Amino acid sequence: MPFQIRGRSFTAVVLQMTGAADAEFYQTLDAKLSQAPHFFTNAPFVIDLDRAVGLNRSGDFTGLVRELRARKLSVIGVQNGTIEQNAGALTAGLITLQGGRDLPPDGAKARSGDESSGEEAEDRPRERPIDRNDRVAAATEAAEPAEIAAGGTVLITEPVRSGQRIFADRGDLVVVASVGSGAELVAHGNVHIYGSMRGRALAGVNGDTSARIFCQSLEAELIAIAGLYKTSDDIGPAAWKQRVQAFLDQDALCVEPLK
Amino acid sequence: MAKIIVVTSGKGGVGKTTSTAAIGAGLAMRGKKTVIIDFDVGLRNLDMIMGCERRVVFDFINVIQGDAKLKQALIKDRRLDNLSILPTSQTRDKDALTRDGVEKVLKELRDEYDYIICDSPAGIERGAHMAMYFADEAVVVTNPEVSSVRDSDRVLGLLSSKSRRAEKGEEPVKPHLLLTRYDPARVAKGEMMKVEDILEILSIPLLGIVPESPAVLKASNLGTPVTLDANSNAGKAYVDAVSRLMGEQIEVRVLPPERRGLFQRLLGRPA
């Protein structure tokens with residue numbers, strides 16, 4: 001095959017607008033940008049329209065995109081807009097994004113550290129993934145009692161229900177209960193499930209090819225490590241309902257029983 | 001202080017309204033002051049199942065919007081003294097349900113009744129969310145088939161994250177599983193899911209197993225809760241479920257489904 005299609009998470013910079021794109025807006029923006037001229041180079045920009053009143057006509061967006069791109073800000077989309085705003089944004093070549101969540105403060109700190117060292121932000125957008133926009137609704141429901149232990153491990157003791165999504169954004173994810181079909185476990189590190197696993201498990205979502213998935217009873221819809229995935233059809237009957245681990249071996253996702 | 005119980009499922013057509021009517025009637029038969037509320041705004045059905053559709057003057061939405069007093073909208077059941085019905089509007093939609101409005105009505109009902117049963121609409125949108133938001137307990141109605149089980153799992157997730165109890169960090173909403181349209185013969189043939197498998201997936205306590213029964217459809221069409229039909233196995237199953245809901249320990253019986261007689265089958269319609 002001449003190409004591969006994979007899911008990948010990126011961090012975007014969100015510009016929360018609180019009014020129209022007037023002279024004052026551009027003036028303040030320029031002042032901000034002058035503080036760190038190269039900081040936003042190549043970073044994808046998303047405009048949050050939640051509080052942007054007075055920005056409605058499609059002309060507004062075309063002008064806004066032109067002005068922002070002239071400042072080397074790569075605007076890719078909008079979010080939280082009204083129907084009119086979304087339509088205007090579409091005319092200006094922007095996509096409508098949903099969901100996402102803000103980075104934890106320590107991530108913000110690491111970011112400003114980069115800034116002072118004056119590094120080019122070449123691969124910065126890959127540093128920390130955010131929620132992919134197609135998983136949003138569930139993300140807001142992932143209010144399960146999650147305990148974040150030292151080292152970023154997330155421990156879940158209640159069943160993970162269909163539609164819920166648990167995200168361990170710093171380390172491993174350990175679930176000591178069953179995971180329903182249609183539920184999703186996502187971790188930067190390894191994923192452990194000590195219960196029936198009927199949902200989806202994605203380990204090493206940041207590209208960590210050494211991440212593994214451990215299951216007490218594998219009945220998963222999908223398992224993925226660092227973007228390589230297998231659906232339940234691909235997993236095959238031998239591993240079904242078995243205690244298994246999944247890992248990457250030279251770009252191949254292997255599922256082997258635990259001895 | 002009344003206990004608020006939501007009857008919900010996610011999936012449509014599994015028997016939420018039938019179960020609401022049957023459980024409400026069952027509680028009233030046991031001497032509990034009970035009110036059943038229809039949250040399916042725009043698709044008003046509970047009043048028909050209860051046989052009081054001709055007595056609806058004001059509804060739940062009128063009360064929420066302050067156009068009528070709660071007393072004017074409540075309909076007293078003619079068969080059971082302890083039972084009242086709060087019908088919903090057929091002309092409005094779910095946006096008419098406001099959280100403050102629902103809370104105000106429930107607060108007023110709480111002092112006067114022992115049980116408030118909320119009949120949730122299908123889906124997981126506003127109507128269903130409002131029906132489950134203030135609940136203390138939930139009856140999750142599930143059919144023995146995979147899509148219904150998965151939707152129930154989804155609803156259980158919402159109960160544990162989107163209810164008032166979850167938001168306030170109080171004791172979680174207590175879930176009960178009510179299996180309906182269960183047919184042991186079809187389970188034996190592998191056409192339906194087994195009780196054990198469903199319990200394993202959902203991992204919540206079982207409130208009851210209601211067998212597939214023509215008595216249910218008959219009861220709906222007559223406007224009589226099936227609990228009042230003491231001869232039907234479905235009615236008996238609901239009576240048992242009500243006892244368990246009241247905290248009694250009763251062994252779960254799997255009652256056989258009632259088949260249509262040869263004559264009815266020849267006529268091609270249910271009894």
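A brief structural summary. In this text the structure is predicted, and so the values were computed from the model without any measurement.

**What to know about the pairing of strand E7 (residues 174-182) of chain B**
Residue and element names in this part refer to chain B.
Inference 1: Sheet topology note: the strand E6 (residues 137-142)/E7 ladder contains six bridges and is parallel. Its bridge partner lying in E7, Val140 is registered against Leu177.
Inference 2: Here E7 pairs with strand E8 (residues 206-211) via four bridges, running parallel. Considered in E8, the bridge of Leu179 is made with Ile209.

**Section: helix H11 (residues 214-222) of chain B**
Residues and elements named next belong to chain B.
Inference 1: All of the buried residues in H11 are Pro214, Ala215, Val216, Ala219 and Ser220.
Inference 2: Taken together, the buried residues of H11 touch helix H1 (16-29), helix H2 (46-49) and helix H12 (233-245).
Inference 3: Among the residues of H11, the N-terminal cap falls to Ser213, whose side-chain oxygen and the backbone nitrogen of Ala215 are separated by 2.9 Å.
Inference 4: Gly223 occupies a position one or two residues after H11 and carries a positive phi of about 75 degrees.

**Digging into the pattern of salt bridges**
Inference 1: All chains considered together, the criterion is met by 22 salt bridges over all chains.
Inference 2: We note a salt bridge from Arg165 of chain A to Glu184 of chain A, for which the minimum N-O separation is 3.0 Å. With Arg165 of chain A in strand E7 (residues 165-168) and Glu184 of chain A in strand E9 (residues 184-187), this residue pair connects regions lying 19 residues apart in the sequence. The exposure classification of Arg165 of chain A matches that of Glu184 of chain A, with both residues buried.
Inference 3: Between Lys94 of chain B and Asp40 of chain B there is a salt bridge; the shortest N-O distance is 2.7 Å.

**Notes on a nonpolar patch on the surface**
Inference 1: Taken together, the side chains of Met1, Phe3 and Ile5 of chain A present a nonpolar region at the surface, about 440 Å² in accessible area.
Inference 2: Inspection of the secondary structure assignment puts Ile5 of chain A in the segment before strand E1 (13-16).

**Focus: the interface of chain B and chain A**
Inference 1: Listed by partner, the interface residues are 14 residues for chain B and 15 residues for chain A.
Inference 2: Taken together, the two surfaces of chain B and chain A that pack against each other cover about 1,100 Å², and 37% of this comes from carbon and sulfur.
Inference 3: Considering only the surface of chain B that becomes buried against chain A, Arg150, Asp153 and Arg154 of chain B emerge as the three largest contributors, covering 42% of it.
Inference 4: There are three salt bridges connecting chain B and chain A.
Inference 5: Close ionic contact of Arg150 of chain B with Glu221 of chain A constitutes a salt bridge, the shortest N to O distance being 3.1 Å.
Inference 6: Between the two partners, chain B and chain A, sit eight residue pairs in polar contact (both at pLDDT 80 or more).
Inference 7: Mapped onto the side of chain B that touches chain A, the elements with two or more residues apiece are helix H7 (146-162) and helix H10 (195-202) of chain B.
Inference 8: No other element matches H7 of chain B, which puts nine residues into the side of chain B that touches chain A.
Inference 9: Among the residues making up the side of chain B that touches chain A, the classes are represented as five nonpolar, four polar and five charged.

**Quick word on the packing of H7 of chain B against H10 of chain B**
Residue and element names in this part refer to chain B.
Inference 1: Closest axis-to-axis distance for the H7/H10 pair is 10 Å, and the angle between their directions is 30 degrees. Looking at the two axes, H7 sits roughly parallel to H10. Read as a crossing pair, H7 and H10 show a hand that is right-handed. The segment H7 lies against H10, with Val149, Ser152, Asp153 and Leu156 engaging Ile198, Ile201 and Leu202.
Inference 2: Of the residues belonging to the contact of H7 with H10, the class tally is five nonpolar, one polar and one charged.

**Concerning the packing of aromatic side chains**
Inference 1: One pass over the structure, following the stated rule, counts three aromatic pairs over all chains.
Inference 2: Taken together, a centroid distance of 5.1 Å and an interplanar angle of 70 degrees make the contact between Phe25 of chain A and Tyr26 of chain A edge-to-face.
Inference 3: Ring geometry for Tyr133 of chain B versus Phe134 of chain B: centroids 4.9 Å apart, planes at 85 degrees, classification edge-to-face. The same class applies to Tyr133 of chain B and to Phe134 of chain B, which are both buried.
Inference 4: Sitting over the face of the ring of Phe247 of chain A, Arg212 of chain A holds its NZ or CZ atom 4.5 Å from the ring centroid.
Inference 5: Taking NZ or CZ as reference, Lys33 of chain B lies 4.8 Å from the ring centre of Tyr113 of chain B, over its face.

**Concerning the environment of Asp119 of chain B**
Residues and elements named next belong to chain B.
Inference 1: Within the fold, Asp119 resides in strand E5 (residues 115-119).
Inference 2: Taking C-alpha positions, Asp119 is 5.9 Å from Ile37, a pair spaced 82 residues apart along the chain.
Inference 3: Those residues within four positions of Asp119 in sequence are excluded, and the remaining contacts are Val7, Lys16, Thr17, Thr20, Ile37, Asp38, Phe39, Asp40 and Leu46.

**Overview of the pairing of strand E16 (residues 252-257) of chain A**
Regular strands place their side chains on alternate faces of the sheet.
All names here are of chain A.
Inference 1: Bridge analysis of strand E15 (residues 244-249) against E16 gives six bridges, and the strand direction is antiparallel. Considered in E16, the bridge of Asp249 is made with Ala252.
Inference 2: Linking E15 to E16, which pair antiparallel, is a turn of two residues; within it Gln250 sits at a positive phi near 50 degrees.

**Describing the side chain of Thr17 of chain B**
All names here are of chain B.
Inference 1: By secondary structure assignment, the location of Thr17 is in helix H1.
Inference 2: The exposure class of Thr17 is buried, given its relative accessible area of 18%.
Inference 3: A polar atom in the side chain of Thr17 sits 2.9 Å from the side chain of Asp119.
Inference 4: In this structure Thr17 touches Asn45, Leu46, Ile49 and Asp119, once residues within four positions along its chain are discounted.

**Some points on the side chain of Arg244 of chain B**
Residues and elements named next belong to chain B.
Inference 1: Within the secondary structure, Arg244 sits in helix H12.
Inference 2: A distance of 2.5 Å separates the side chain of Arg244 from the backbone oxygen of Leu207, its partner in a polar contact.
Inference 3: Residues contacting Arg244, with those up to four places away along its chain left out, are Leu206, Leu207, Gly208, Ile250, Glu251, Val252 and Arg253.

**Examining the sheet that holds E1 of chain A**
Across a sheet, paired strands are connected by hydrogen bonds in the backbone, their directions being either parallel or antiparallel.
Residues and elements named next belong to chain A.
Inference 1: Pairing in this open sheet of four strands is parallel, and the strands run E1-E2-E3-E4 from one edge to the other. Bordering the open sheet on either side are E1 and strand E4 (95-97), each of which pairs with just one other strand. Strand-to-strand, the axes of this sheet are offset by a mean angle of 40 degrees, without reference to chain direction.
Inference 2: Pairing between strand E3 (residues 74-79) and E4: three bridges, direction parallel. Residue pairing in the sheet places Val78 in a bridge with Thr96 of E4.

The rules we used
- Residues numbered from 1 in each chain as written.
- Chains lettered and ligands numbered in written order.
- Predicted model: local features only at pLDDT ≥ 70, side-chain atom pairs only at ≥ 80, totals over all residues.
- Heavy atoms only, no water.
- Pairing = 2+ DSSP bridges.
- Helix = DSSP H or I, 4+ residues; strand = E, 2+ residues; numbered from the N terminus.
- Buried < 20%, exposed > 50% of the residue type's maximum accessible area, 1.4 Å probe, protein only.
- Contact = heavy atoms within 4.5 Å.
- Polar contact = N/O pair within 3.5 Å; in protein donor to acceptor, adjacent residues only side chain to side chain.
- Salt bridge = Lys/Arg side-chain N within 4 Å of Asp/Glu carboxyl O.
- Patch = residues over 30% accessible without salt bridge, like charges linked within 9 Å, V, L, I, M, F, W, Y side chains within 5 Å.
- Areas by Shrake-Rupley, 256 points an atom, 1.4 Å probe, with all protein chains shown as cover.
- Buried area = accessible area lost by both parts, 1.4 Å probe.
- Nonpolar A, V, L, I, M, F, W, Y, C, P; charged D, E, K, R; others polar.
- Axes fitted to C-alpha atoms, helices over the stretch in contact; angles between N-to-C directions.
- Parallel < 35°, antiparallel > 145°, perpendicular 65-115°, else oblique.
- Left-handed = near helix turned anticlockwise from the far one by under 90°.
- Phe/Tyr/Trp six-rings, centres within 6.5 Å; stacked < 30°, edge-to-face > 60°.
- Lys NZ or Arg CZ within 6 Å of the ring centre and 35° of its normal.

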